[in-house]
Amino acid sequence: MKILRAEELGMCFGVRDALHVLDQVSDPTAVTIHGELVHNPEVLRDLDRRGFTRSPEGERQVPEKPVVLVTAHGISERERTRLEAAGKQLIDTTCPLVQKAHAAAQQLQRQGCRVVVLGKRDHVEVLGIIEDLTDAIVVTTAANVATWPDAHLGVVCQTTTQVDVAEQLLAAIRTANPHAVVHFADTICSPTKARVDALRALLPRIDSLVVVGGHNSNNTKQLVASAAEQGVPALHIERASELDDQWFDGRAVVGLTAGTSTLARTIDEVHEALLAIAQRQRGLPASTTVRRTGRSQPL
Ligand code: SF4
């Protein structure tokens, strides 16, 4: 069995920078993390151990702690004002590419468009975008597309939306609203696109795929769905201990990729575990060490 790593995989700069800011916090017990920082249980357990408090996702209570950390997913200006009015000191780790999505939505609204956000209705990033808009629409699937009375529709994307999903939804909106001018701002972030492109390049070369990332991570689930669409069976795991030798019986070339909140060390642990499975299949002792380059590592 050969293991091929995607050329681009794992943690994006937005999440990495947010975690770096958390590392600089001198007194974690004074800080509430506003919403889920990353969809990565390992990282979240570590933050809990260090003494940070996390308010549940979607929580609308003002946190008790004096310092509130805004996550990479961002918040609305309305929410920011509410927290500041309550006397909270904010540490803002909003990803610049999420800020770009907010700005695009605001700009479209200023131009007279009714804004349509392609994304998950209850995702914290989408909530942050629509809370500052008037009467915005969220479209998650084609079933949410309707004929709206507006002459101008302005479409933006949740940053982790898959390009082909966005294209399908945009086409459905245009078809259902032939009377409207549909403006489109592509706010899908470049790290998400790079991971999807790398997976597309990998899929024709493999017969199965391991995807590492939180079970509730939107972009990780999308990587799994992309493989399934191409008929490549995919195993979604959060950590190496979830691997089962039997799943790999008869597999010749296994791909490896990971979502944008997966730590490099978790990916390397999974890679090493896959190499050990390959060794066992050949009746050899597990002894291979992964070179941490992010490049394909055939056995
Ligand atoms: S997934 Fe994209 S938008 Fe979200 S934090 Fe990472 S780089 Fe930023």
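Residues numbered from 1 in each chain as written. Predicted model: local features only at pLDDT ≥ 70, side-chain atom pairs only at ≥ 80, totals over all residues. Heavy atoms only, no water.

## Some details on the environment of Leu203
In step 1: With respect to the helices and strands, Leu203 occurs in the loop between helix H7 (190-202) and strand S10 (208-212).
In step 2: You can call Leu203 buried: its relative accessible area is 8%.
In step 3: The spacing of Leu203 and Ala6 is 197 residues in sequence and 9.3 Å in space, taken between C-alpha atoms.
In step 4: Leu203 has contacts with Ser226, Ala227, Gln230 and Val232, leaving out every residue within four places of it along the chain. (Helix = DSSP H or I, 4+ residues; strand = E, 2+ residues; numbered from the N terminus. Buried < 20%, exposed > 50% of the residue type's maximum accessible area, 1.4 Å probe, protein only. Contact = heavy atoms within 4.5 Å.)

## Overview of the site of the ligand
In step 1: Around the ligand, the structure places Cys12, Phe13, Gly14, Cys95, Leu97, Val98, Thr159, Thr160, Cys189, Pro191 and Thr260.
In step 2: Of the residues in the shell around the ligand, the class split is seven nonpolar, four polar and no charged.
In step 3: Each of domain 2 (13-95) and domain 3 (97-188) contributes no fewer than three residues to the shell around the ligand. (Near = heavy atom within 4 Å. Nonpolar A, V, L, I, M, F, W, Y, C, P; charged D, E, K, R; others polar. Domains from an automatic or database assignment.)

## Focus on the sheet that holds strand S2 (residues 31-34)
In step 1: Taken in spatial order, the four strands make up an open sheet running S3-S2-S4-S5, and their pairing is parallel. Strands at the two margins of the open sheet, each flanked by one partner only, are strand S3 (53-55) and strand S5 (89-92). Between one strand axis and the next, the sheet turns by 30° as a mean value, whatever way the strands run.
In step 2: In this structure, S2 lies alongside strand S4 (residues 67-70), joined through four bridges in parallel fashion. By the bridge assignment for S4, His34 is matched with Val70.
In step 3: Sitting on the sheet, helix H3 (residues 77-85) is in contact with S2, S4 and S5, with an inclination near 145° to S5. (Pairing = 2+ DSSP bridges. Axes fitted to C-alpha atoms, helices over the stretch in contact; angles between N-to-C directions.)

## As for the pattern of salt bridges
Working definition: two side chains of opposite charge can pair if their charged atoms are close together.
In step 1: Counted by the stated rule, this structure contains 16 salt bridges.
In step 2: Here Arg50 ties to Asp23 by a salt bridge, and the two come within 3.4 Å at their closest N and O atoms. Taken together, the residues span a long stretch of sequence, with Arg50 in helix H2 (residues 41-50) and Asp23 in helix H1 (residues 13-23) at a distance of 27 residues.
In step 3: In this structure, Asp92 engages Arg80 in a salt bridge whose closest nitrogen and oxygen atoms are separated by 2.9 Å. One end of the pair, Asp92, is in strand S5; the other, Arg80, is in helix H3, and twelve residues separate them in sequence.
In step 4: One network of salt bridges, in which partners are shared, links Asp23, Asp46, Arg49 and Arg50. (Salt bridge = Lys/Arg side-chain N within 4 Å of Asp/Glu carboxyl O.)

## Regarding helix H6 (residues 163-176)
Note that an α-helix has 3.6 residues per turn; residues three or four places apart therefore point the same way.
In step 1: Over its 14 residues, H6 runs 20 Å from end to end, which matches the ideal 20 Å to within 8%, given 1.5 Å per residue.
In step 2: When H6 is considered as a whole, its buried residues turn out to be Asp164, Ala166, Leu169, Leu170 and Ile173. (Expected span 1.5 Å × (residues − 1).)

## Some words on the domain arrangement of the protein chain
In step 1: As assigned here, the protein chain comprises domain 1 (2-10 + 191-281), domain 2 (13-95) and domain 3 (97-188).
In step 2: Distance from the C-alpha centre of domain 1 to the C-alpha centre of domain 3: 30 Å.
In step 3: Contact residues are listed per partner, giving eleven residues for domain 1 and eleven residues for domain 3.
In step 4: In total, about 890 Å² of surface goes out of reach between domain 1 and domain 3, with carbon and sulfur atoms giving 45% of it.
In step 5: Among the residues domain 1 hides against domain 3, the three largest losses belong to Lys193, Asn218 and Gln222. Together they make up 53% of the total.
In step 6: Linking domain 1 to domain 3 there are two salt bridges.
In step 7: Among the salt bridges present, the one from Asp186 reaches Lys193, with a minimum N-O distance of 2.7 Å. (Buried area = accessible area lost by both parts, 1.4 Å probe.)

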